[in-house]
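Structural characterization, general
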Amino acid sequence: MMITFLQNFGGQLIFKTWQHLYISGISLFLGVIVAIPLGVLLTRFKKIAGIVIGLASVLQTVPAMALLALMIPLFGIGAKPAIIALFIYSLLPILRNTYLGLEDVNPSVLDAAKGMGMSQLESIRMVELPLAAPVIMAGVRLSGTYVIAWATLASYIGAGGLGDFIFNGLNLYRGDLILGGSIPVIILALVVDYLLGLLEKALTPRVTGDEGGQS
Amino acid sequence: MFLSMSHLNKTYSGNKVAVEDFNLEIEKGEFICFIGTSGSGKTTTMRMINRMLNQTSGTIQIEGQDISKMNPVQLRRRIGYVIQNIGLLPHMTIRDNITLVPRLLKWSEDKRNQRAKEMIEMVELPDSFLDRYPAELSGGQQQRIGVARALAADQDIILMDEAFSALDPVTREMLQDLVKNLQQKSGKTFVFVTHDMDEALKLATRIVVMSHGKMVQVATPEEILRHPANDFVEELIGRDRLIQAKPSITTVGQVMLKTPVAMVSSATLVQALKLMHDRRVDTLLVTDKENHLRGFVDIETLNDNYSPTKQLGDIFNERIFYVNENAVIRDTVDRILKHGYKNVPVVDDDGKLVGIVTRAALVDIVYDALFVDDKLESTGNDDQETTGTTQPSSDSAMSQTAKSAQGQQASAESAGTTTSDETKVGD
């Protein structure tokens, strides 16, 4: 059955997977480059940190379908509104983890870094981000998994992706199409999570000379 | 003036005064200790020097330059900073930690690596530690690195905030010695915050006593011990330490006999024997013409090698243990007693013979110390419970002391010397 499915839909599967990956990847990338600097910034302005993180949490609670539908009047249909909606979803885990990760850095270390004569930027670049890297990466992994799962819904507003298989399957009562869409999404999510895990490991600073010694 | 602080005030929001009208002029090469109870403003004052905090009013000048007009980041790179919680960067190797400031100052890598080596040797740790991470070092070792880091960029001023108070007593003492040596060798200026009077007395050239944001007394350790400005200072020192500390500020020069029996090495053995006989001693110290201590000759050696034509210089023993006249008694007594020497010659900084410490003199010192300690312990008991029940215990303490003192005396006498009879109880 799987062979027949691949014979019939193989080319389409590859294309849709690529589309899916493309939408998710761009959304996550945007999420990372916005949420990490924002999270860092929030640690310097703690008074508004609560408000901003609260706002991001509210956005997170908007049902995915509703958010996608809301994008249509603003950005029309296709990949663009989908990417924007998924980008909004990816923000919170990364933002919150960046903020918490930086807040969690030992204050003595920060005091010493400042007292040694590090500027704010040097302290962030050389001390805070490296030490917070595991926590930040955990947020990125979480967002990555979310985004890949929710990118399925993007098919609803004409963005394509593996969601097309699933929705077609639902409309046509064809289990093979539903599975043919779902299984690649699951595999994709697992693979991306695994790859981000490797990245996390690479970014986690060594704190001992032993191999694989990580805190 | 190297570092000058005038009319410093620091007020936190809510009108909480942390430091009030603080004035201090610090010379290059001084070791200043700020001491006080918590909340006395000592750390606040110190942190204003590298602008970790900014004063509400008043000025701080380094070599005549107002630091409030300097870039704080640049200023901090000129000032070493060591904190209680060490604060090594856990994700950097010891090498990178030590050379952090040089790296910020954009030194070349070669120069940094070389400096890391010099620094790790300076704090008496092996080179192999350079590639390790802070988590692999003990607390004491980590703080050595903390000290190395603060000195690595040739900072002229080193600030230390309770740097050793989280360490165990043995490690703490080792680090105190290390820092004191470094400071004396390098001539750098240290400002050291502590709440430990022993530490302040040991390290400081001048102590600044603070209470409730104000300076209470600024004086040398010796002066503080002799003339505490008021009851607060006295209490901070602790009555027991006031007395106990006496041996620690008494130098060998103050207790030695100034008439050692010595002879120049060109003297003949006949002359030597005659001097021994006249002065009734069994050992002669041997010096050169400029009175530099060279060694000693005892009666056995003299007897074995006796020949009218020989000079002292031919037979004397060069392996002699001696102490410097400026050495502090507390450090010296143990060493003398441990080695079991009968008499220990005392030299000045040029190596010239100036006196001798006999075992009899040491007995006096030990005797004083023991008596004073026990006296104080019993006073302490009385303070806690004003009933008469502590009386027997203090009595027994006294009699034990008397016994041990007698023991000392007896052994001293058997060694062929006499002790003075005067007792100095409770002075």
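Residues numbered from 1 in each chain as written. Chains lettered and ligands numbered in written order. Predicted model: local features only at pLDDT ≥ 70, side-chain atom pairs only at ≥ 80, totals over all residues. Heavy atoms only, no water.

**Observations concerning the sheet that holds strand E14 (residues 323-324) of chain B**
Residues and elements named next belong to chain B. Operational definition: Whether two strands pair depends on DSSP finding at least two bridges between them. Strands are runs of DSSP state E lasting at least 2 residues, helices are runs of H or I lasting at least 4, and numbering of each runs from the N terminus.
Here 3 strands make up an open sheet; going across it, the order is E14-E15-E16 and the pairing mixed. Each edge of the sheet is formed by a strand with only one pairing partner; in this case those strands are E14 and strand E16 (353-358). Strand direction decides the pairing type here: strand E15 (residues 343-347) and E16, joined by 5 bridges, are antiparallel. By the bridge assignment, Val346 is partnered in E16 with Gly355.

**Some thoughts on the interface of chain A and chain B**
Where we set the bar: Between two residues, a contact is recorded if the distance between any of their heavy atoms is within 4.5 Å. Two parts placed together each lose some accessible area; with a 1.4 Å probe, that loss summed over both constitutes the buried area. Any Lys or Arg side-chain nitrogen located within 4 Å of an Asp or Glu carboxyl oxygen qualifies as a salt bridge. Identification of polar contacts relies on pairs of N or O atoms within 3.5 Å, with a donor-acceptor requirement for protein atoms, meaning one able to donate a hydrogen and the other able to accept it, and with residues adjacent in sequence counted only if both atoms are side-chain atoms. Under the scheme applied, nonpolar residues are Ala, Val, Leu, Ile, Met, Phe, Trp, Tyr, Cys and Pro; charged residues are Asp, Glu, Lys and Arg; polar residues are all the others, including Gly.
With 21 residues of chain A at the interface, the matching set in chain B holds 25 residues. Where chain A abuts chain B, roughly 2,000 Å² becomes buried across the two surfaces, and 65% of that area is made up of carbon and sulfur atoms. Among the residues chain A hides against chain B, the three largest losses belong to Asp111, Met116 and Met126 of chain A. Together they make up 30% of the total. Applying the counting rule to chain A against chain B returns 2 salt bridges. Across the pair Arg47 of chain B and Asp111 of chain A runs a salt bridge whose closest N-O atoms are separated by 3.1 Å. Scanning the region where chain A abuts chain B turns up 6 residue pairs in polar contact (both at pLDDT 80 or more). The dominant element in the side of chain A that touches chain B, judged by the number of residues it contributes, is helix H5 (residues 107-116) of chain A, at 7 residues. In the side of chain A that touches chain B, the residues fall into 10 nonpolar, 6 polar and 5 charged.

**Some words on the side chain of Asp196 of chain B**
Filter applied, for reference: A simple rule labels every residue: compare its accessible area, found with a 1.4 Å probe on the protein chains alone, to the largest value its type can have, and call it buried under 20%, exposed over 50%, or partly exposed in between.
Assignment of secondary structure puts Asp196 of chain B in the loop between strand E8 (189-194) and helix H8 (197-203). Here Asp196 of chain B falls in the buried class, since its relative accessible area comes to 19%.

**Notes on the sheet that holds strand E9 (residues 206-211) of chain B**
Residue and element names in this part refer to chain B. For the record, the criterion: Helix axes are fitted only over the stretch in contact, all axes being lines through C-alpha atoms; the angle between N-to-C directions runs from 0 to 180 degrees.
An order of E6-E7-E8-E3-E9-E10 is seen for the 6 strands of this open sheet, with the pairing classed as mixed. Strands with a single pairing partner mark the edges of an open sheet, and in this sheet they are strand E6 (79-83) and strand E10 (214-219). Each strand of the sheet is rotated relative to its neighbour by a mean of 15°, with strand direction disregarded. Where strand E3 (residues 31-36) and E9 come together, 5 bridges link them in parallel fashion.

**Description of the environment of Ala135 of chain B**
Assignment of secondary structure puts Ala135 of chain B in the loop between helix H5 (109-122) and helix H6 (139-151). C-alpha of Ala135 of chain B to C-alpha of Leu88 of chain B: the two residues are 47 residues apart in sequence and 9.2 Å apart in space. Those residues in contact with Ala135 of chain B that lie beyond four places of it in its chain are Val207 and Thr208 of chain A together with Gln142 of chain B.

**Let's talk about helix H13 (residues 269-279) of chain B**
All names here are of chain B. Worth spelling out the cut-off: It is the directions from the helix axis to the C-beta atoms that the arc portrays.
Among all positions of H13, only Leu269, Ala272, Leu275 and Met276 are buried. Each buried residue of H13 lies within a common arc of 120° when the element is viewed along its axis, so the set occupies one face. Opposite its buried face, H13 presents the exposed residues Lys274 and His277, each directed more than 90 degrees away. Residues of H13 that are buried sit in contact with strand E11 (262-264), strand E12 (283-287), strand E13 (293-298), helix H14 (299-304) and helix H15 (312-315). Following H13 by one or two positions, Arg280 has its phi on the positive side, about 55°.

The analysis is restricted to geometry; functional conclusions fall outside its scope.
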